[in-house]
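Topology and contacts: notes
Listed below, chain by chain, are the residues.
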Amino acid sequence: MKVPQSERPEGFRRVQALLAEQGHGHAPRWLDVPAGTCAEAAEALGVQVGQIAKSVVFRRKSDEAAVLVVTSGDKRVDEKKVAALTAPSGTGGLGRADADFVKAKTGFSIGGVSPVAHAAPPVMLNISVCAGRSASLAVTVVTVVVFSAMLTALPEVMVGVL
């Protein structure tokens, strides 16, 4: 089903505006089919699951900050490693982020969290999704490359391989 630009979700339009503002050469791709999982997105785009950037959000208990991890769609996120980097022992650690928390902190719904254009800056970004991958990644991953140049503008960012 074709959705006119003016009727696309606010989050999609926010990402589109940010990429244009940053002079990025690619606009986000709108899929006319539901893609709430990496497998669905890969199928819709005709790429491998590992070519999809997956955003996983955790709740840092000490200050209720959103901890964002962006990784390859075929990888699992090791919550203990993320906690060790972002929520040292004695600070309460990390918790699961429910749908309301994710929406409030990022401005996106679970299953559609963009790596850029969040409602509030996230705590951590892991852009290892691009390591060792072909340059012809899905457009979803292209946004990861763009925000790697914007990392210095965020208040608390750690980049690394988890």
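You'll find the structure just up there.
Residues numbered from 1 in each chain as written. Predicted model: local features only at pLDDT ≥ 70, side-chain atom pairs only at ≥ 80, totals over all residues. Heavy atoms only, no water.

**Here's the deal with helix α2 (residues 38–45)**
Residues of α2 that are buried include every one of C38, A41, A42 and L45, and no others. Seen along its axis, α2 keeps its buried residues to an arc of 100°; they face one direction. In the stretch just after α2, G46 is the one whose phi turns positive, near 70°. (Buried < 20%, exposed > 50% of the residue type's maximum accessible area, 1.4 Å probe, protein only. Helix = DSSP H or I, 4+ residues; strand = E, 2+ residues; numbered from the N terminus. Arc of directions from axis to C-beta.)

**Re the packing of aromatic side chains**
Here the structure, examined in full by the defined rule, presents one aromatic pair. When the centroid spacing of 5.2 Å and the interplanar angle of 85° are considered together, the rings of F12 and W30 count as edge-to-face. Taken as a pair, F12 in helix α1 (residues 10–21) and W30 in the loop between α1 and α2 lie far apart in primary sequence, 18 residues in all. With relative accessibility at 13%, the residue F12 sits in the buried group. Taking the ring centre of F108 as reference, the NZ or CZ of R14 above it sits at 4.6 Å. (Phe/Tyr/Trp six-rings, centres within 6.5 Å; stacked < 30°, edge-to-face > 60°. Lys NZ or Arg CZ within 6 Å of the ring centre and 35° of its normal.)

**Quick word on the pairing of strand β1 (residues 53–60)**
Alignment of β1 against strand β2 (residues 65–72), held across eight bridges, turns out to be antiparallel. Its bridge partner being in β2, F58 is matched across the sheet by V67. A loop of four residues connects β1 with β2, the two strands running antiparallel in sequence, and E64 in this loop sits at a positive phi of about 60°. Note that β1 and strand β3 (residues 94–96) share three bridges and pair antiparallel. Its bridge partner lying in β3, F58 is registered against R96. (Pairing = 2+ DSSP bridges.)

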